[in-house]
Amino acid sequence: MKYYRPSTLTEALTLLRQPGSAALAGGTSLLADRPTGLASVVDLSALGLDSLRREGDFLVAGAMTRLQTLATATDIGGSAGDVLREAARLTLPRPQRDMATLGGTLVSAQGELVAALLALGAEVTLDGDAESWLALEDFLSRRGADRSPTRLIVEVRWPASISVRCALSRVARTLADAAIVSAVACVSRSSESIKGVRLALGGLTRAPFLLPSSSNVSSAQAILESLRPLVQDAPAISDFIASAEYRRDVAVVVARRALTEAWERAGGAG
Amino acid sequence: MNAIRCVINGQGRTLNAEPGETLLVALRRAGFFGVKHGCDSGDCGACMVLLDGTPANTCITLAAQAAGREITTIESLRSNGELHQLQQAFVDEGVGAIQCGFCLPGVLLSAKHLLDHNPAPTEAEVRDALSGHLCRCTGYRTQVNAVLAAAARQRGQAVPPRAHAAALAEEAELKIVGHGEAKVDALPLLTGRPVFTDDVHIEGLLYGRILHSPHAHARIRDIDTSKAEALPGVHAVLTYKNTPRRPFTSAGQSYPELSPYDMVSLDNKVRFVGDRVAAVAAETPEIAERALALIEVDYEILPACLTPEAAMRPGAPIIHDEPDAERIHDASRNLAASIAASKGDVARGFEDAHLVLERTYRVPQVQQTPLETHSCITFLDEYDRLVIRTSTQVPFHTRRIVARVLGLPVKQVRVIKPRIGGGFGSKQEAVIEDLCGHLTLATGRPVRLEYSRHEEFTASRSRHPQTIRLRMGATRDGRITAIEMRVIAAAGAYGTHTLTVQANTGSKALWLYKSPNLYFSADCYYTNVAPPGAFRGYGAPQGFLALEAHIDEMAAALGMDPMELRRKNWVGIGDSNPLGDQLYDGAPGFHDTINSCGLPECVERGQAAIGWERRGEREVPGKPHLRRGIGGACAMQGSAVPGIDMGAVIIKINDDGSFNLLSGAADTGGGGDTILAQIAAEVLGCSVDDIVVYTADTDFTPFDKGAYASSTTFLSGRAAQLAAEQVKEQILAVASRMLECNQQELTLADGRVSTPDGDSVSLADIAIQSLHRENQFQIMGHASYMSKPCPPPFAAQFAEVTVDIETGEVRVEKIVSALDIGMPINPSGVEGQNDGGVTQALGYALCEEMVYDEQGGLLNPRFGPYHILQAHEMPELVPITVETWEPSGPFGAKAAAEIPIDAVAPAIVNAVADATGVRIRELPLTPERVLRALKAAGVSS
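The present account deals with the structure reproduced in this document. Throughout, a residue's number is its position along its own chain's written sequence, starting from 1. Chain letters start at A and ligand numbers start at 1, both assigned in the order the entries are written. The predicted origin of the model limits local features to residues at a pLDDT of at least 70 and limits the giving and counting of side-chain atom pairs to 80 or more, whereas totals for whole chains, interfaces and linings rest on all residues. To get the side-chain values, take all heavy atoms of the structure and skip hydrogens and water.

A closer look at the overall build of chain A
Right, on to step 1. Only DSSP runs of H or I covering at least 4 residues are called helices, and only runs of E covering at least 2 are called strands; the numbering of each starts at the N terminus. For chain A, the helix and strand inventory stands at ten helices and twelve strands.
Right, on to step 2. Whereas a compact globule of 270 residues would reach a radius of gyration of roughly 18 Å, chain A reaches 18 Å, a difference of no more than 12%.
Right, on to step 3. When burial is assessed residue by residue, chain A has 57% of its 270 residues classed as buried.
Right, on to step 4. Once local pairs closer than 6 in sequence are excluded, the contacts in chain A between residues at least 24 apart make up 61%.
Right, on to step 5. In this tally, Asp and Glu contribute negative charge and Lys and Arg positive charge; neither His nor the terminal groups of the chain are included. Just so you know, the charge point we use is NZ for Lys, CZ for Arg, CG for Asp and CD for Glu. A distance of 3 Å separates the average location of the 29 positive side-chain charges in chain A from that of its 28 negative side-chain charges. C-alpha atoms define the radius of gyration, and 2.2 Å times the number of residues to the power 0.38 defines the globule rule. A simple rule labels every residue: compare its accessible area, found with a 1.4 Å probe on the protein chains alone, to the largest value its type can have, and call it buried under 20%, exposed over 50%, or partly exposed in between. Residue contacts are defined here by distance: any two heavy atoms, one from each residue, within 4.5 Å place the two residues in contact.

Printed below as a string of structure tokens:
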């Protein structure tokens, strides 16, 4: 297996076009699983992508930002910051969190952090096309069936709004075990009323997904009612930890809990 | 190989690594053995180093990634011979915080990283920093204490070493026994010294690898190894075709073993996914791996039986149809073992009862998962004797078993057990030593065979899953009249420990209560899954799950407090095990009799600590979806196998008045070596530092059965006491001549022998006198100890849980574990055993389970999916040691190793019932299983 540590994105992208080549971020997934046919790895650590900064109305994180950086980032304010820190902590325990990266986590599409970023309305740039932001939900839905992205995530951004109120809820065998199902809700409000709701569900399907935003944001209850049939129809995972039926059951519960809590934090009624 | 320039522990170095090789492998090759191999997937943290100051698991880091970077390993932590404050804090916290020590290098580096960035961490922050370091021994409590103490000291606060002294030790005026002496192997473990099996470089070493079966049940029609053999660098390819066929059992038990001889090193039939097909020795691991891929196997796939129910069906495929297997109960019915025992007449007992309840309980197959996988190195010494350096709990049994399988006389084999990274029963087996030995004999070269974590999950040992039908009768006033327990168990592909584990389910569980009528039976069927074997508790946790959950059901039906029902029926001093003889609980005629019993005090103190009076208060204010509950359960275990197992110790004096203690006892991390040293030092009036312990080397130490059945303290400890007493006699005899004083008037204390007048000579003076000056002889004692009694330790364990009735999640908030283990020789060590056993039992109750697909493939052969509890999710642990004095034990001690694992799961099941009113009779209590039960009972909608 060949190893490259390019110092420019262009070089990295060229190398990644070789057959059997894969991007190496934190290694917690790629090197733990070592897919067959892996001929070369392209280490992204020298590309300067380990950064977290504020840019206008957005927080922008390089794809190589470590989960531990997110778990302890004090410069992400408000309720969104709380939920991101919590989600990063829940996604992996400590030495792995020091290694795993934001980009790698989005590619693996596992863990609460992905759901949290979906709910926050995150976008990604691919292949250094800095001007072209793609909604995270679109990135996830376009992923190849083999889970490998066809293009490289370079940066991730999400609105730095402090008026959004978020909450996370999950179900797992134990406190630190990987979630069976998790939900993150983000409720934003204008001065008078609830303006928008974004609700993401992880663990129900192969990748976390964003529930279509409802035009009716009059009450949390109404949103939950519209969610029920979507959960019932979702292609739910079934494995030895939990059946599809159970996942559907508790998806509704965690969605309700996350939404209710975020809704209350946003000061919404009922 | 590529040369990788980097800085290691402050010095510029060149690491040599193959392309694609991990940093773990490269660092170990360069001699940094403190970096441990635990999981291959970054899940356990044993291989952690600091990379440019940031924690990194090296099993998922390429060596090439280290180029130009700075690596910090455990070897750097001690500077100028001085322990780092963190290392000292672990020593001070006691034996319980260190244990096997395999996880410590990573733990210490993570702790250092934390304190470097956060000098005043909270407990939660310490737990978070250690969250990815799996530890199977300690339950984390004492490790977290040690880190907090080190942090406080670094801030200039004085934190005295934790005081550990047993009240009984004070009473009996004991100076070493009953006190929290430091672990004798603490320093090498805390500093990352090369003390484990694989921590050596051996010239000419070959790498062994095993080809495992992809099928649950298949006959090998043919196997073609020619391409593998032709691969340059391959030195041997072994299959059934070129390997002698000698049936044996891998179970490490005293001879003759009570396990069937139903396996051979390499067979022409495979019986589980992961079974052995072939073994290869090659010059590098990569070549060995490539050779495996070149072996062509023609399988005739056979129908498989994955469950006992499938295996017992008439017409089921016969798993052991080979003609040369021995001692299988009934191979034609797949019945590996079958046993029954009774007392009185249960039918009559049920007639006498006012209440008869029958319930069925199910417990899963779970794995020991020691952090160090099975690991073995074999080589021929200068005299062409086979040396086996191996991570084993049973060096002497392994010597006997492997010698037989290899066709060598026992005298041609030497087994050495270095420090081992946990066993918990999985290493009470010769799992890989025979194959490693075959490869050395075939090549004449040293061979290393080490399991990956995946192999550990799929091809080692585990706990027997059981279905237990329990029927109990009692009178209205709560007197038990009859208990009937019928067990159906899965033996897996080979019957190792099958008869004895299942027998133990009855012999340990069924005499906790004095029922005049008892019946027990166990039928254990071969199945096409990886074989279970010995696992801490050895059948007892299964039995107590059923018994102790059932007692609570009985109490509820009778309208009694469950502890009151227990109190009315439990055993006490003078009672004997009524089924012991019939259930192989020792040699015939060796009746277990209770001479010490602290069970009532365990219950009393446990109830107070958990707040027993809060039972029935289900509501959680402000959380309508939560229910809170409290439950308790009791258990008893044994101390060694009476009439069968034996331990022996030799003690001799050195010129400076120190002593060598030589024993075959196999410390697996729990602190057995320290216990032996404490006992000897107590008798010999010296400090533990003056006892040099060397154990578990079949050439240099006397026989010992090994580390199982809670034996080391009780058997080997007693042998140490007896040997030390002989040495003391000889010391006093020499001193008597030197001091011209009657021997009876002399006292031995603090390294000196003194007369009543105050004249004295030191142990060094006495050693010089006896070794060099007069009537020269070696002051030396040796003693063996085989126990006739098998005094049971007792436990009362309590759980507080919260149940989410909308999701079925069970969260354990607190565990109180009160143990009567006699006199605690090392109180910190006892607490360590307690915490560790409780934590393994928490996994048994909540999340651990080996699950197979329809083809017999294990679905969760990795940490994570096979979840073991982590530091940041632990409930509060409250270990309580109830001191009693066991007359048959060394300094009043009984065994502490297994008892803490026995009653935690039923306490949790009972707490869930207290919280919700719903009884769940199947482990683990996964959210889905619990929710389904709650819905069926109408508690959840």
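Thoughts on the nonpolar core
All names here are of chain B.
Right, on to step 1. For the purposes of this section, nonpolar cores are sets of buried Ala, Val, Leu, Ile, Met, Phe, Trp, Tyr and Cys residues that join through side-chain atoms within 4.5 Å. Core analysis: the largest hydrophobic core is formed by 226 residues, its most contacted members being Ile71, Phe90, Val801, Leu842 and Ile908.
Right, on to step 2. Tallying contributions element by element places helix 17 (residues 540-558) first for this core, with ten residues.
Right, on to step 3. Apart from the residues lying within four places of it in its own chain, the contact partners of Ile908 are Ala799, Val801, Val812, Ile815, Leu842, Ala845 and Leu925.

Points about a negative patch on the surface
Right, on to step 1. Where like charges cluster on the molecular surface, the negative patch consists of Asp655(B), Asp656(B), Asp689(B) and Asp690(B).
Right, on to step 2. The residue Asp656(B) is located in the loop between strand 22 (646-653) and strand 23 (659-663) in this model. Like-charged residues within 9 Å of one another, or nonpolar side chains (Val, Leu, Ile, Met, Phe, Trp, Tyr) within 5 Å, are grouped into patches, provided each residue has over 30% relative accessible area and no salt bridge. Note on areas: these come from Shrake-Rupley sampling with a 1.4 Å probe, and a residue is covered only by the protein chains present in the view. Each salt bridge in this description consists of a side-chain nitrogen of Lys or Arg and a carboxyl oxygen of Asp or Glu lying within 4 Å of one another.

Here's the deal with the layout of surface pockets
Right, on to step 1. Here a cavity denotes grid points, spaced 1 Å and computed from the protein atoms alone, that fit a 1.4 Å probe unable to get out, and a pocket denotes an open set having protein on both sides within 12 Å along at least 5 of 7 lines; residues with an atom within 4 Å of a point are the lining. Grid points are joined across faces, edges and corners, and a volume is the space filled by probe spheres set on the points. Of the voids in this model, the second largest pocket is the one considered here, and its volume is about 2,000 Å³.
Right, on to step 2. Taken together, 46 residues make up the lining of the second largest pocket; nearest its centre are Val25(B), Asp40(B), Pro285(B), Glu286(B) and Glu289(B).
Right, on to step 3. For the lining of the second largest pocket, the secondary structure elements donating two or more residues are helix 2 (30-33) of chain A together with helix 1 (23-29), strand 6 (206-212), helix 10 (285-294), strand 17 (447-450) and helix 15 (453-459) of chain B.
Right, on to step 4. Partitioned by chemical class, the residues of the lining of the second largest pocket number 19 nonpolar, eleven polar and 16 charged. Basically, the charged four are Asp, Glu, Lys and Arg, the nonpolar ten are Ala, Val, Leu, Ile, Met, Phe, Trp, Tyr, Cys and Pro, and anything else, Gly included, counts as polar.

Section: the interface of chain A and chain B
Right, on to step 1. Counting residues at the interface gives 40 residues for chain A, matched by 52 residues for chain B.
Right, on to step 2. Both faces considered, chain A and chain B share a buried interface measuring about 3,500 Å² in area, 53% of it formed by carbon and sulfur atoms.
Right, on to step 3. With a shortest N-O distance of 3.2 Å, Arg862(B) and Asp33(A) are connected by a salt bridge.
Right, on to step 4. As used in this structure description, the phrase polar contact means that two N or O atoms lie within 3.5 Å; if the pair is within protein, one of them must be able to donate a hydrogen and the other to accept it, and residues adjacent in sequence are counted only when both atoms belong to side chains. On inspection of chain A and its partner chain B, the count reaches 24 residue pairs in polar contact (both at pLDDT 80 or more). Buried area, as used here, totals the accessible surface that two parts lose on assembly, with accessibility defined by a 1.4 Å probe and the loss added over both.

Details of the environment of Glu358(B)
Residues and elements named next belong to chain B.
Right, on to step 1. Here Glu358 lies in strand 13 (residues 355-363).
Right, on to step 2. Note: C-alpha distance between Glu358 and Glu484 (126 residues apart in sequence) is 9.0 Å.
Right, on to step 3. What Glu358 contacts, discounting residues up to four positions off in sequence, is Arg469, Leu470, Arg471 and His550.
Right, on to step 4. At 3.1 Å, the side chain of Glu358 forms a polar contact with the side chain of Arg469.

Focus on the environment of Lys788(B)
All names here are of chain B.
Right, on to step 1. Here Lys788 is to be found in the loop between strand 28 (780-786) and strand 29 (794-804).
Right, on to step 2. Residue Lys788 is classed as exposed on the basis of its relative accessible area of 53%.
Right, on to step 3. Spatially, the C-alpha atom of Lys788 lies 9.8 Å from that of Asp645, the residues being 143 residues apart in sequence.

Considering the pattern of salt bridges
All names here are of chain B.
Right, on to step 1. A complete count under the given rule lists 77 salt bridges over all chains for this structure.
Right, on to step 2. Taking the shortest distance from any N to any O, the salt bridge between Glu296 and Lys227 comes out at 2.6 Å. Placement of the pair is Glu296 in strand 11 (residues 296-301) and Lys227 in helix 9 (residues 226-230), with a sequence separation of 69 residues.
Right, on to step 3. With relative accessibility at 46%, the residue Lys227 sits in the partly exposed group.
Right, on to step 4. With a closest N to O distance of 3.4 Å, Glu601 and Arg605 form a salt bridge. Taken together, the residues span about one helical turn, with Glu601 and Arg605 both in helix 19 (residues 599-610) at a distance of four residues.
Right, on to step 5. Overlapping salt bridges, with partners in common, bring together Arg28, Lys36, Asp198, Asp199, Arg448 and Glu450 in one network.

Brief notes about the packing of aromatic side chains
Residues and elements named next belong to chain B.
Right, on to step 1. Note on aromatic pairs: the rings of Phe, Tyr and Trp (six-membered ring only in Trp) are paired at centre separations within 6.5 Å, and the planes decide the class, stacked below 30 degrees, edge-to-face beyond 60, tilted for the rest. Taken as a whole and judged by the stated rule, the model has seven aromatic pairs over all chains.
Right, on to step 2. Measuring from ring centre to ring centre gives 5.6 Å for Trp612 and Phe798, while their planes differ by 80 degrees; the resulting arrangement is edge-to-face. With Trp612 in the loop between helix 19 and strand 21 (626-636) and Phe798 in strand 29, this residue pair connects regions lying 186 residues apart in the sequence.
Right, on to step 3. Take Trp612: its relative accessible area is 9%, and that puts it in the buried class.
Right, on to step 4. Residue Phe798 is classed as buried on the basis of its relative accessible area, which comes to 0%.
Right, on to step 5. Look at Phe714 and Tyr785: their rings are 6.4 Å apart centre to centre, the planes differ by 75 degrees, and that puts the pair in the edge-to-face class. Taken together, the positions of Phe714 in helix 21 (residues 712-739) and Tyr785 in strand 28 put the pair 71 residues apart, joining distant regions of the chain.

Structural notes on the sheet that holds strand 18 (residues 466-474) of chain B
Residues and elements named next belong to chain B.
Right, on to step 1. Here, a strand pair is defined by DSSP locating no fewer than two bridges between the strands. The strand order 12-20-19-18-13 describes an open sheet built from five strands, whose pairing is mixed. Each of the sheet's edge strands pairs with one partner strand only, and the pair in question is strand 12 (335-343) and strand 13. Strand-to-strand twist of the sheet, defined as the mean angle between neighbouring strand axes without regard to direction, takes the value 5 degrees.
Right, on to step 2. As paired elements, strand 13 and strand 18 share nine bridges and run antiparallel to each other. Bridged to Leu357 within strand 18 is Met472.
Right, on to step 3. The angle between two axes is taken between their N-to-C directions and runs from 0 to 180 degrees, where each axis is a line fitted to C-alpha atoms and a helix contributes only its stretch in contact. The sheet strands contacting helix 16 (residues 498-509) are strand 12, strand 18, strand 19 (480-492) and strand 20 (518-526), and the helix crosses strand 20 at an angle near 160 degrees.

So, the packing of helix 23 (residues 827-846) of chain B against helix 24 (residues 904-916) of chain B
Residues and elements named next belong to chain B.
Right, on to step 1. For the pair helix 23 and helix 24, the least separation of the axes is 8 Å and the interaxial angle reads 50 degrees. Judged by the inter-axis angle, helix 23 sits oblique to helix 24. Seen from above, helix 23 lies across helix 24 with right-handed handedness. Only Val904, Ala905 and Ile908 of helix 24 make contact with helix 23, whose side of the interface consists of Val838, Ala841, Leu842, Tyr844 and Ala845. For classification purposes, angles smaller than 35 degrees are called roughly parallel, those larger than 145 roughly antiparallel, those between 65 and 115 roughly perpendicular, and all remaining angles oblique. Each crossing is labelled by how the near helix is turned from the far one, with a counterclockwise turn of less than a right angle marking it left-handed and a clockwise turn marking it right-handed.

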